2 protein chains.
Amino acid sequence: MEYPSTTTTTISCHHPNIVDIQKPLPITSPMMMEKMSKSETIELRNKHVGPSVTLFFKKNPLKIIRGKGQYMYDEKDNAYLDCINNVAHVGHCHPAVVKAATDQMQLIYTNSRFLHDNLVVYAKRITDTMPKPLSVCYFVNSGSEANDLAIRLARSHTKNKDIITIDGAYHGHLTTLIDISPMKFLKIKGAKKKKWVHLTSLPCSYRGKYNLDNCESSSEIGQRYGEEIKQIIQDAHDQGRQIAAFIHESMISCGGQVLLPENYLKNVYKHVREAGGVCIADEVQVGFGRTGKMWAFEYQNVVPDIVTMGKPMGNGHPIACVITTPEIAESFARIGTEYFNTYGGNPVSLAVANAVLDVIEQEKLIDHGIQVGNLMLEELEKLKKKYSLIGDIRGVGLFIGIELVNNRRTKEPATLIAEYIVARFKENRILMSTEGKFGNVLKIKPPMVFNESNVKQFIFILEEILQDINYMHQSRTRSSSLSSAYSSDSISINGGNGNYNNGQNGVENNISSDSLSDEDSSIISE
Amino acid sequence: MEYPSTTTTTISCHHPNIVDIQKPLPITSPMMMEKMSKSETIELRNKHVGPSVTLFFKKNPLKIIRGKGQYMYDEKDNAYLDCINNVAHVGHCHPAVVKAATDQMQLIYTNSRFLHDNLVVYAKRITDTMPKPLSVCYFVNSGSEANDLAIRLARSHTKNKDIITIDGAYHGHLTTLIDISPMKFLKIKGAKKKKWVHLTSLPCSYRGKYNLDNCESSSEIGQRYGEEIKQIIQDAHDQGRQIAAFIHESMISCGGQVLLPENYLKNVYKHVREAGGVCIADEVQVGFGRTGKMWAFEYQNVVPDIVTMGKPMGNGHPIACVITTPEIAESFARIGTEYFNTYGGNPVSLAVANAVLDVIEQEKLIDHGIQVGNLMLEELEKLKKKYSLIGDIRGVGLFIGIELVNNRRTKEPATLIAEYIVARFKENRILMSTEGKFGNVLKIKPPMVFNESNVKQFIFILEEILQDINYMHQSRTRSSSLSSAYSSDSISINGGNGNYNNGQNGVENNISSDSLSDEDSSIISE
């Protein structure tokens, strides 16, 4: 595993005023861009949008009117530093991307049954970034559509049905993908794991079953998790079942910003392929250079059979893609029916996707992400030395997780504190959220234009919050628990919360409800 | 059923020169808009796009550079009259829609976890077009995503799994939707109908099991097909299975441009609801006023439990929607996990969707469609009187089918002739394609700005082709069959072809291969 080495630059960050929050643009007043007041918006939304479609900060959600670079602006034109919207990859509303879309929209916006250069130019460019056999594209509209198609490709190629998926994984919102997304189906009341789905442990070197405490090296961890999959395959065979595919994110996002242990994929791919299955790398969240390489699977020195990509691909525009080998594509063609996706591969989506690639190249965003990410990791490591709440810092490039624990030895997840920290960040106009089974991992996945000044701002505020938490912890004068502060929020669908029975003895009980100056106690991670 | 009555306007159409083909715009030369030659585009496409993703006119596909209104233009700026692209609902590249997208793209393009007025304004507007209980929206990116979510909603509400679907139906390209799309899964080698899928006959009053030959009225046909579903439900119950939903297009598109018989949905809904199931109206192809009413289900005087919509909704932009009742939405929320769709409901998609509604209203496109559609139907009826090849003319508004038969008594499908006609239309720069199990139904589903002049042009060319076919039929001097003309095209995935063993005795054998002046023998319908 060749993660870029961190440098040792020192930064000073004494006061948030040093941070350059981007100034509002001289455009029409945001007030003018509202069609109604925020309360009216909320009222209509409550009436006409399904309650399963949740808001960030449910009790006091943000109305976002405009965005630029790494900032989002509310209806009063307050700027929020965006640390979580990985879709706005090259920055919110990048002018080159907007121009590409605008120009193409005026010409033609139709389906892929007609030839168009945008499609083939992109297909060539994107497959040129892949190891050789990965040369055939299918353009779709979302990461979910991409993963669903990947499953169809795997099944038609192998003639098998079963899928091995990683515990804690999320691969999309469609029927078949919910079935292979333990993060989802394990929460659905009455839902059971399908027989064709096989779960393997989350290969987390910090909290996983095999970790740096009970293994000697990352390589040993990678080997042990590989052996687990070998056993899963054996068990499936014993039941007369056959494996179609192993699907994995190349770094685990919703599962808690987890980097895979050394040689993990190499070991797993070997076992899966020996069993006649194919390997699907889901790069929907981690692709396009976020991690310092164009594709996160490159860190594992493997070549997947199928790669899916989405979110950053269109910088907000609905486009996604599946890339596979000619052999698998031929198998899919042989099933005897065409694949048609009405909007998939339309000239506008591909004008946008081409522009995003241009910006990544021209602005050298991959190198930039590594540089800024290294600074962030370095500063976080310094905080970790000072604050025992930080159990683990992990990441590469602008894919970073901060795992919070009440006790470093027991690794008891500090779920409520994580929520508190997110709420405090919001007060400071920084957008953050959590990931992981226990919702105790702060995720950092900002637009790639996030800069060193933003790191300073982030670190300054985080330390301020950590100091306050320490103070509250030390004072131990108040009796009510943070739990009660959060229990007032009735959402049942907080993506980040697992089933860990939180702290009877932890730090969390020492943070009183009134230390929350905001009512933003509900956050969503996904 | 209250289809709008046809008027008896007479038009004269003696020569195509009277037809006003829209002139090229004074924009950059189309040549300049090509990044490479057509042959290079094809070469790259063959290399980098999955072979299951097929082109119209596979042997000599069109490279479309721009579109305007009901016209598409190739790389030489030849204009093609578009009779089939129902996605470009208010006309290709409508300036108001382009402007709405452009304006919003410059402001913000993010997810629905932040409040935005575009979303709630649209949710109110679109639910205002629905019968009252249908008031809750879920925004997604494609008709496929919408239908998949509809299935999830139905299952979570009813706690049942099974789906009743119509033979010949197509509901999308996702794993679960292929399973309920007989048009697809019946063609997949080795694929079997899943146990949870129940097929009911295509309720076609012309060719169906119950039809105007063996029933006394449309109402009787509707009743008999309803009874079939009652029996299907009984059989499912006997096997210990329970119905989650009946899914149907409100007029059947890919199945062959079929209008439902009178009271069909009323009868079916009754049986399905008595069995504890819900009813899903798929309006992805037929919604937004194409048929003369905003929603095609309105013709059947029913209120579905779930409605899905897509294609025309964004005039090419990837957006779709599911609308349901508060009760079903609540059931879905109660399963215990959120529904998040990264791009679904983003402000740009909804700016586009709002603009499409504006144009439909401002340009009175629903009334316009009825008027133009009536003229088309009337002219087609005249041709039907003259040409026995036309077995059936059916439709309403700009949703029209022309079913071709070699023999009006046996209704033997004239599949190859349909393909020949489509190829001849292309020579005349008119885009047409076929639908139906036998690929013998010419479909007319143009952008709604299609006008009376376009009808004249279409009818003039169609009659010219029909005359030629008659001439060839009468001459009977040539021996080779049309079959051989088409057999040279090796595509295995011609969506329109069924398994009917074509004409040993029909007209088709009398059309010689060299009567095809173009090699465009393969067309795709979906």
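About the criteria used
- Residues numbered from 1 in each chain as written.
- Chains lettered and ligands numbered in written order.
- Predicted model: local features only at pLDDT ≥ 70, side-chain atom pairs only at ≥ 80, totals over all residues.
- Heavy atoms only, no water.
- UniProt positions renumbered as here; feature names shortened; annotations may be inferred.
- Phe/Tyr/Trp six-rings, centres within 6.5 Å; stacked < 30°, edge-to-face > 60°.
- Buried < 20%, exposed > 50% of the residue type's maximum accessible area, 1.4 Å probe, protein only.
- Helix = DSSP H or I, 4+ residues; strand = E, 2+ residues; numbered from the N terminus.
- Lys NZ or Arg CZ within 6 Å of the ring centre and 35° of its normal.
- Contact = heavy atoms within 4.5 Å.
- Buried area = accessible area lost by both parts, 1.4 Å probe.
- Salt bridge = Lys/Arg side-chain N within 4 Å of Asp/Glu carboxyl O.
- Polar contact = N/O pair within 3.5 Å; in protein donor to acceptor, adjacent residues only side chain to side chain.
- Nonpolar A, V, L, I, M, F, W, Y, C, P; charged D, E, K, R; others polar.

Per an unreviewed UniProt entry, chain A carries the name Alanine-glyoxylate aminotransferase 2-like protein and comes from Dermatophagoides farinae. Quoted verbatim from the Sequence similarities (unreviewed entry) field of UniProt, the annotation for chain A is "Belongs to the class-III pyridoxal-phosphate-dependent aminotransferase family."

## What about the packing of aromatic side chains?
Two measures describe an aromatic ring pair: the distance that separates the ring centres and the angle between the ring planes. This model, assessed by the stated rule, comprises 20 aromatic pairs over all chains. With 5.0 Å between their ring centres and 65° between their planes, Phe 288 of chain B and Trp 295 of chain B make a pair best called edge-to-face. Assessed through its relative accessible area of 0%, Trp 295 of chain B is described here as buried. Arranged with centres 4.9 Å apart and planes meeting at 10°, the rings of Phe 425 of chain B and Phe 458 of chain B form a pair that is stacked. Residue Phe 425 of chain B is found in helix α13 (residues 415-427), and its partner Phe 458 of chain B is found in helix α14 (residues 452-475); the two are separated by 33 residues along the sequence. The exposure classification of Phe 425 of chain B matches that of Phe 458 of chain B, with both residues buried. Cluster of aromatic residues (ring-pair linked, three or more members): Phe 56 and Phe 57 of chain A together with Phe 114 of chain B. Over the face of the ring belonging to Tyr 206 of chain A we find Lys 411 of chain A, whose NZ or CZ atom lies 4.7 Å from the ring centre.

## Observations concerning the interface of chain B and chain A
With 104 residues of chain B at the interface, the matching set in chain A holds 104 residues. Buried area between chain B and chain A, both sides added, is near 9500 Å², and the carbon and sulfur share of it is 60%. Per-residue buried area on chain B facing chain A is highest for Arg 113, Leu 115 and Tyr 343 of chain B; these three make up 9% of the total on that side. The salt bridge involving Asp 117 of chain A is made with Lys 63 of chain B; its shortest N-O contact spans 2.8 Å. The interface formed by chain B and chain A includes 63 residue pairs in polar contact (both at pLDDT 80 or more). Of all the secondary structure elements, the ones that give two or more residues to the side of chain B that touches chain A are α2 (38-48), β1 (64-68), α3 (95-105), α4 (117-128), β4 (136-140), α5 (143-158), α6 (175-179) and α10 (326-333) of chain B. With 8 residues, the top contributor of residues to the side of chain B that touches chain A is α4 of chain B. Class assignment for the residues of the side of chain B that touches chain A results in 48 nonpolar, 34 polar and 22 charged.

## A word on the side chain of Gln 285 of chain A
All names here are of chain A. Residue placement: Gln 285 occurs in the loop between β8 (278-282) and β9 (306-309). You can call Gln 285 buried: its relative accessible area is 5%. Within polar-contact distance, the side chain of Gln 285 engages the side chain of Lys 445 at 2.6 Å.

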